[in-house]
Amino acid sequence: MSDLRFKRVLLKLSGEALAGDEKFGIDPATVSKICREIAEVADMGIEVALVIGGGNIFRGLSSSAKGMDRSSADYMGMMATVLNALAVQDQLEKLGHPTRVLSAITMQEVCEPYIRRRAERHLEKGRIVICAAGTGNPYFTTDTAAALRGMELKCDAIIKATKVDGVYDKDPVKHSDAVMFKQLSYIDVLQKKLGVMDSTAITLCMENNVPILVCNLHKGDIKRMMLGENVGTIVQGE
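Since we're looking at a predicted model, the values are computed, not measured.

On to a nonpolar patch on the surface. Residues I26, I57 and L83 make up a contiguous nonpolar surface patch of about 230 Å² in total accessible area. Mapped onto the elements of the fold, L83 is located in helix α3 (residues 70–94). Residue L83 is classed as partly exposed on the basis of its relative accessible area of 45%.

Rendered as structure tokens:
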């Protein structure tokens, strides 16, 4: 543990990451691959909490833009995150890692209610905690939920795992000359509108001085970051 960069982290995953090459839904092979990456981090002795989006199943904001009531759309999006959380729980436990899904919306037949002290206790016991249903309130994204849970659970860092290696000045998939930043301040992210996380989440991390680490989900970079290797992008104070 003395060689590790952090003791407790919160990992933010997009729902789309679980869909793999498909546009929608949950791809079991992709989920299994992602869970092996998470398991490697947990095997190092790091306490891991997760927040997963629901965009692979339902995206509340885009549905609201098409005429659906925003609150109703957001609640449907929260339900989608619970489906993703249960899929990830299943794969993690197949890998031998005890896992608990804690939902901000009570649904006692399938998961526990989110209670901060209970979540902390699960982490202390070495269980991977998956925080589902966002904040439990409409108008808040899962990015904001990740920042909030990271603060509540006293995480040392928030890790945003993506399909690219870090934060770029423009989309590296579309632009071959995109430049990756190795380090950014919270203010840089807000002023340049880099899209690391939404502005509410960035501000919450800034006010509580919790670093955000952005790295590739599929190349073992999360584990390398935990060992202090110079991969990805770090967002922190000046």
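The rest of the description comes next.
Strands sit in the order β4-β3-β5-β2-β1-β6-β10-β11-β9 across an open sheet of nine strands; the sheet is mixed. The open sheet has two edge strands, β4 (112–113) and β9 (183–185), and neither has a second partner. Of the strand pairs in this sheet, strand β10 (residues 212–216) and strand β11 (residues 233–236) are connected by three bridges, and their pairing is antiparallel. Residue pairing for β11: V214 is matched across the bridge by T233. Relative to the sheet, helix α1 (residues 28–43) contacts β1 (8–13), β2 (47–52) and β5 (128–132), its axis offset from that of β2 by approximately 150°. The sheet strands contacting helix α4 (residues 116–124) are β1, β2, β3 (99–103), β4 and β5, and the helix crosses β2 at an angle near 130°.

Any two side chains of opposite charge can pair, so long as their charged atoms come close to each other. The full count for this structure, using the stated rule, is 17 salt bridges. A salt bridge links E47 to R8, with the nearest nitrogen and oxygen atoms 2.6 Å apart. Placement of the pair is E47 in strand β2 and R8 in strand β1, with a sequence separation of 39 residues. The shortest N-O distance in the salt bridge between E120 and R8 comes to 3.9 Å.

Before going further, it helps to examine the side chain of E37. Its location among the elements puts E37 in helix α1. Buried charge without a partner: E37 forms no salt bridge, and the closest opposite charge is K33, 6.4 Å away. Every residue in contact with E37, bar those within four places of it in the chain, is listed here: L217, H218, K219 and G220.

This part takes up α4. Looking at α4, one finds that the buried residues are A119, E120, H122 and L123. The arc that holds the buried residues of α4, viewed along the axis, is 160°, so those residues lie on one side. Those residues of α4 that are buried lie in contact with β1, β2, β3, β4, β5 and α5 (142–152).

Conventions and cut-offs
Residues numbered from 1 in each chain as written. Predicted model: local features only at pLDDT ≥ 70, side-chain atom pairs only at ≥ 80, totals over all residues. Heavy atoms only, no water. Patch = residues over 30% accessible without salt bridge, like charges linked within 9 Å, V, L, I, M, F, W, Y side chains within 5 Å. Areas by Shrake-Rupley, 256 points an atom, 1.4 Å probe, with all protein chains shown as cover. Salt bridge = Lys/Arg side-chain N within 4 Å of Asp/Glu carboxyl O. Helix = DSSP H or I, 4+ residues; strand = E, 2+ residues; numbered from the N terminus. Buried < 20%, exposed > 50% of the residue type's maximum accessible area, 1.4 Å probe, protein only. Pairing = 2+ DSSP bridges. Contact = heavy atoms within 4.5 Å. Axes fitted to C-alpha atoms, helices over the stretch in contact; angles between N-to-C directions. Lys, Arg positive; Asp, Glu negative; His and termini not counted. Arc of directions from axis to C-beta.

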